[in-house]
Amino acid sequence: MTSRIVDAQWVRNRRADAVVIEVTNGHGPAVIPGARSVYWKDLLWDRSRREFPTAHELADRLHSLGAHAEAPVVFAGAPPQFAAYALWVATAVGIGGDLRYLDGGTAAWPHDGPVIGIDRSVGAGSSNRVGADAADQRRALDASEGNASRTADVSRTPLPLASPRFAEVVVGREQVRAAIDSPTVLLDLRSPEEFAGLRVSPSSEPTDHGAERHGHIPGALNLPAQDLLDPAGLLRPTDEIAARIAELGIADADDIVAYCRLSHRAALGWLIFTDLLGDHRIRVYDGSWTEWGSLVGAPVHNPADTGELTS
């Protein structure tokens, strides 16, 4: 199987036809010339419920951003794991086509890089242009769900639908509860500080928020997603990643459940396991620590409270 992970040079070589969608943690103009930028929740969550959009809804949203069946669609994350999350959600709900992850995300694109694409027109969806404000983006995405033909270039076929793989790549809280004290490996991809109960969000967040309680799921192993990336946010060499994972002693496990705070870093772990290592034992806990750390009665192990941490 061809890896979905590509580098900036691969995109440069396909710049005439590639569609680049920046999946970001805010509303603002695209970084990569010719790309489209979208706030991750606007693209990948239902408008009113905490769940994924349907396959039809997601295909329409992607179409409004210029994605179509005749070209590779490259997700560029800001930060990088947001692109992995997009691939994971698309896989779960059943979006086909040639979907890719840009290694290193938007930061990997050179400042003097070329403009992506020749014809970026998407009809009335041009309000989703590079530099469109948040309200414009939201209106274009909302409109696409009601009438895709009005917001996308009708000469381009939307991405095809595929068989949903939800059960293959996603687990819920009851499956996590059943995995505690079982042979299933629970893999926490948050930072060591989050795992130890010192924080509930990454240190990069200006406010420490995201769950009511600190700590981790009992029995979980810590594999910080940052250990799998170099300082520039690029994936480390495959042999280095494999060696780091081997340290966990999970080679004989039948099942692996990955989680983090909001599933972004866990989705990056899922992509690394499946695409780089060819290891399909892994699934992602959708609710991750944001849900588990606020569930009434859910067991939590907090080293910071039990005196296990040493100065």
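Residues numbered from 1 in each chain as written. Predicted model: local features only at pLDDT ≥ 70, side-chain atom pairs only at ≥ 80, totals over all residues. Heavy atoms only, no water.

Turning to unusual backbone geometry, a few remarks are in order. As a rule of thumb, non-glycine residues mostly have phi less than zero, and peptide bonds are mostly trans rather than cis. Between Ala78 and Pro79 the backbone carries a cis peptide bond, its omega angle lying at 10 degrees. With respect to the helices and strands, Pro79 occurs in the loop between strand S4 (73-78) and helix H4 (81-93). If you check the backbone angles, Ser263 has positive phi at about 85 degrees while not being a glycine. Among the secondary structure elements, Ser263 is positioned in the loop between strand S9 (256-259) and helix H11 (264-276). On the accessibility criterion, Ser263 (0% relative accessible area) is buried. Although it is not a glycine, Ser288 sits at a positive phi angle of roughly 45 degrees. With respect to the helices, strands and loops of the structure, Ser288 is situated in helix H12 (residues 288-292). According to the relative accessible area criterion, Ser288 is buried, its value standing at 0%. (Helix = DSSP H or I, 4+ residues; strand = E, 2+ residues; numbered from the N terminus. Buried < 20%, exposed > 50% of the residue type's maximum accessible area, 1.4 Å probe, protein only.)

Attention now goes to the nonpolar core. By size, the foremost hydrophobic cluster in this structure holds 63 residues, and its most contacted members are Ile21, Phe75, Trp88 and Ile95. Among the elements that take part in this core, H4 stands out by supplying 11 residues, more than any other. Phe75 has contacts with Ile21, Val23, Leu62, Ala83, Ala86, Leu87, Leu99, Arg100, Tyr101 and Leu102, leaving out every residue within four places of it along the chain. Counting 17 residues, the second largest nonpolar core, distinct from the first, contains Ile180, Leu186, Val257 and Trp289. (Core = buried A, V, L, I, M, F, W, Y, C linked by side-chain atoms within 4.5 Å. Contact = heavy atoms within 4.5 Å.)

Turning our eyes to something else, we now look at the confidence of the model for the protein chain. Where the model shows low pLDDT, its predicted coordinates should not be examined in detail. On average, residues of the protein chain carry a pLDDT of 89, and 87% of them reach 70 or more. Under a pLDDT of 50 for its full length, residues 118-135 has, in the predicted model, 37 contacts with residues more than four places off or in other chains. Scored below 50 in pLDDT, residues 140-152 makes 33 contacts in the model with residues more than four places away or belonging to other chains. (pLDDT = per-residue confidence, 0-100.)

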